Amino acid sequence: MLKDFVTTLNTKWLDASGPHTDVVISSRVRLARNLKDLPFPHLMNEEHDNQLIEKLRTTIDSQNLVKKTGPLEFTLLKELNSLEKRILVEKHLISPEHAGSSSGGVIFSKDQSISIMVKEEDHLRIQCILPGLQITDSYNMANTLDDLLEENLDYAFHERYGYLTACPTNVGTGMRASVMMHLPGLVLTKQVNKVLTALSQVGLVVRGIYGEGTEPLGNLFQISNGTTIGRSEEEVVTNLSSVIKQIIDQERVARERFYNGNKLHLEDKIMRAKGILENAKLMDSDEALKLISALKLGIDLGIIEAINLKVYYNLLVAIQPAYLQYTSGQRGMGPEERDKKRAEIIKEILRK
Amino acid sequence: MLCERCKEREASVHFTKIINNEKTELNLCEECAREYQEKFSFTFEPNFPIHHFLTSLFSDAIDTTRDRTLHREMICPVCNISYANFANSGKLGCSYCYENFQERLEPLLKRIHGSTQHSGKFPQRAGGKFKIKQQIRELKSQLQKLVAEEKFEKAAEVRDKVKELEAKLKE
Ligand SMILES: [Zn+2]
Ligand SMILES: [Zn+2]
């Protein structure tokens, strides 16, 4: 039986709302927290697991918390099969490492804007993810939730080192704020490496979301803070936000210049992409990522008017291998069956 | 090199003693070193000033080889993880490891983050004192800036505020 919270595309960050969605796909804040009196996850035994889980169950059921965040649902990872866990990774709700684990769990709010990984590398990874550039809102959400959890949990905290984490790379605020950007303009005009190199000089970290190498598939990049101790959460978020706004401006200028200089060619490229997406019989995931990137650019530039941006967001998840396999209800699909199914699902979503 | 005392095991600990301006070196194996050290400090125990002088001399005179041996054996008594274990896996065992491995983690944090002082959020429930201490830290850095800019009047105000908060901390 399919589990609804796994398959749903009514996940908050997929609704394409929020500011600057022409360039920013989503904003995420993740806080690492540990309980004072338990060893870190990699040293926990079954008894520790049960203590942590019990403690959290009562915490998320507290009246005050439910009143302020809405009800949160606790699912143990052992209740999910590997395909279901991989879909949660494809929806950016849990990490690949967590999907590989069978102990621990995951906590979701109804719209999945809140997810808490329980017993990942740390006891808690509180995560808030919103569409568009809403990094401050994501932080405020995570911060409020953190306060509510702390009413009932004794966190490991050190006056000098801040929130203590299993790996010293996260100690201090325990915070990783990241923004997922779609940068076809900077890629097309070959400026992306220059822009991204400059980011490392201001302490930010960039990585491609899909694929490896200099030109990540789908022109998607994730930009996040590199360090966690020494500066306050507000400083980090404000700094990240202002840098992102500059990149947004550069991306928009690049798109406009490129479009003005290559009008016919760009329109041709975009309409061809749309044509292939609407008609292909087989589609592998690399090709799909490239084509939906062109589709999005077409929507943002007003070249394609009949398609809503939300379609792009839905496609981003629906073309992923685990999602495809799971929703088709078939076990052990071969690559060709998967490519066939992918082509079908894309057509279906585009028709909506 | 063989241990100078038992002449059986490999010498891995090297002591340098300086007594009356004369430098003597002693090369011992791990086991003899421990015995030697115990006996040495025991002998001088009743005679406080000399003992004190000598132990401090001891800890200073131990060279880097000894240092490395000590670090290899560093173990967090709460979770039983060794520093070497952490160095391999990149993961500490428990929150107390931070204090127990402090002397080695400090330079590491400095390298990774460029800082070793948290200046962000703190737990609300446990946080009264943290909050005051953080305010003091912020005011002090403000104070330095004001003094550098020769804004002494304003600096005096900030200094009074620091004193006020420090008094509150002692309550
Ligand atoms: Zn010996
Ligand atoms: Zn420990």
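Before any of the text, the structure's been laid out above.
What comes next is a walk through the structure. Per chain, residues are indexed from 1 in the order of the written sequence. As a convention, the first chain written is A and the first ligand written is 1, with the rest following in written order. The predicted origin of the model limits local features to residues at a pLDDT of at least 70 and limits the giving and counting of side-chain atom pairs to 80 or more, whereas totals for whole chains, interfaces and linings rest on all residues. Side-chain numbers here rest on the full set of heavy atoms in the structure, without hydrogens or water.

This next bit is on the overall build of chain A. In terms of helices and strands, chain A carries 14 helices and 10 strands. Each radius of gyration is computed over the set of C-alpha atoms, and the globule rule expresses the reference value as 2.2 Å times the number of residues to the power 0.38. Rg of the C-alpha trace for chain A: 21 Å, near the compact-globule value of 20 Å for 352 residues, within the 12% margin. Dimensions of chain A, computed from C-alpha atoms along their principal axes, come out at roughly 65 × 45 × 35 Å. Whether two residues touch is decided by their heavy atoms; if any such pair falls within 4.5 Å, the residues are in contact. Long-range pairs, those at least 24 residues apart, make up 71% of the contacts in chain A with a sequence separation of at least 6. The method behind every accessible area is Shrake-Rupley, applied with a 1.4 Å probe, and residues are considered shielded solely by the protein chains displayed. As displayed, chain A offers around 14900 Å² of accessible surface, 48% of which is attributable to carbon and sulfur atoms. Side-chain charges of chain A comprise 43 positive and 46 negative groups, with the mean position of each set lying 4 Å from the other. The helix and strand labels rest on DSSP assignments: H or I over at least four residues marks a helix, E over at least two residues marks a strand, and numbering proceeds from the N terminus. His is not counted here, nor are the chain ends, while Lys and Arg score as positive and Asp and Glu score as negative. Each charge is placed at NZ for Lys, CZ for Arg, CG for Asp and CD for Glu.

A separate point is the coordination of the zinc ion (ligand 2). Residue and element names in this part refer to chain B. Note that water is not among the atoms used; donors are N, O and S atoms within 2.8 Å of the metal (3.2 Å for Na, K and Ca), so sites may look incomplete. Taken together, the protein ligands of the zinc ion (ligand 2) are Cys76 (SG), Cys79 (SG), Cys94 (SG) and Cys97 (SG), with distances of 2.3 to 2.4 Å. Between the 4 donor atoms coordinating the zinc ion (ligand 2), the angles at the centre fall across 97 to 122 degrees, so the site counts as tetrahedral. Mapping the donors of the zinc ion (ligand 2) onto the primary sequence yields the spacing C-x2-C-x14-C-x2-C. Placement of Cys76 in the loop between helix H3 (64-73) and helix H4 (83-89) and of Cys94 in the loop between H4 and helix H5 (97-100) is noted, with a sequence separation of 18 residues between them. Any coordination sphere not matching a tetrahedral pattern (four donors, all angles between 85 and 135 degrees) or a square planar or octahedral pattern (four or six donors, opposite donors over 155 degrees apart, other angles between 65 and 115) is reported as irregular.

Here, a salt bridge means any Lys or Arg side-chain nitrogen found within 4 Å of an Asp or Glu carboxyl oxygen. On inspection of all chains with the given rule, the structure shows 23 salt bridges over all chains. Through salt bridges with shared partners, a single ionic network connects Arg33, Asp146 and Asp147 of chain A together with Lys121 of chain B.

With 41 residues of chain A at the interface, the matching set in chain B holds 33 residues. Here chain A packs against chain B, burying approximately 3200 Å² in sum over the two surfaces, 55% of which is carbon and sulfur. The largest contributions to the chain A side of the interface with chain B come from Glu159, Arg160 and Tyr161 of chain A, which together make up 21% of the buried area. Scanning the region where chain A abuts chain B turns up 4 salt bridges. Among the ionic pairs, Lys133 of chain B bridges to Glu159 of chain A, the shortest N-O distance being 2.9 Å. Polar contact is defined as a pair of N or O atoms within 3.5 Å, subject to the rule that within protein one atom must be able to donate a hydrogen and the other to accept it, and that residues adjacent in sequence are counted only when both atoms are side-chain atoms. Where chain A touches chain B, the interface holds 23 residue pairs in polar contact (both at pLDDT 80 or more). Of all the secondary structure elements, the ones that give two or more residues to the side of chain A that touches chain B are helix H6 (135-150), strand S6 (157-158) and strand S7 (162-163) of chain A. Of the residues forming the side of chain A that touches chain B, the biggest block, 5 residues, is contributed by H6 of chain A. Its residues placed into classes, the side of chain A that touches chain B shows 15 nonpolar, 13 polar and 13 charged. Buried area is understood as the total, over both parts, of accessible area removed when two parts are fitted together, assessed with a 1.4 Å probe. Residue type decides the class: Asp, Glu, Lys and Arg count as charged, Ala, Val, Leu, Ile, Met, Phe, Trp, Tyr, Cys and Pro as nonpolar, and the leftover types, Gly among them, as polar.

Looking now at the side chain of Arg33 of chain A. With respect to the element layout, Arg33 of chain A can be found in strand S1 (residues 24-33). A polar contact is formed between the side chain of Arg33 of chain A and the backbone oxygen of Thr173 of chain A, at a distance of 3.1 Å. Contact partners of Arg33 of chain A, with chain neighbours within four places excluded, come to Asp122, His123, Leu124, Ile126, Asp146, Tyr155, Tyr163, Thr173 and Gly174 of chain A together with Lys121 of chain B.

All names here are of chain A. In this scheme, a residue with accessible area under 20% of its type's maximum is buried, one over 50% is exposed, and one in between is partly exposed, where area comes from a 1.4 Å probe on protein chains only. The element helix H4 (residues 82-90) is largely enclosed, with a buried count of 7 among its 9 residues. Residues of H4 that are buried make contact with helix H1 (4-7), helix H5 (96-99), strand S3 (105-109), helix H12 (309-318) and helix H13 (321-328). Its side-chain oxygen placed 3.0 Å from the backbone nitrogen of Leu83, Asn81 serves as the N-cap of H4. After H4 finishes, the residue His92 shows a positive phi value of roughly 60 degrees.

Turning next to the environment of Phe221 of chain A. All names here are of chain A. Structurally, Phe221 is set in strand S10 (residues 217-225). Each C-alpha atom of the pair Phe221 and Ile116 lies 23 Å from the other, and the pair is 105 residues apart in sequence. Beyond its immediate stretch of four places on either side in the chain, Phe221 contacts Val179, Met180, Met181, Leu183, Val187, Val192, Leu196, Val206, Arg207, Ile209 and Pro216.

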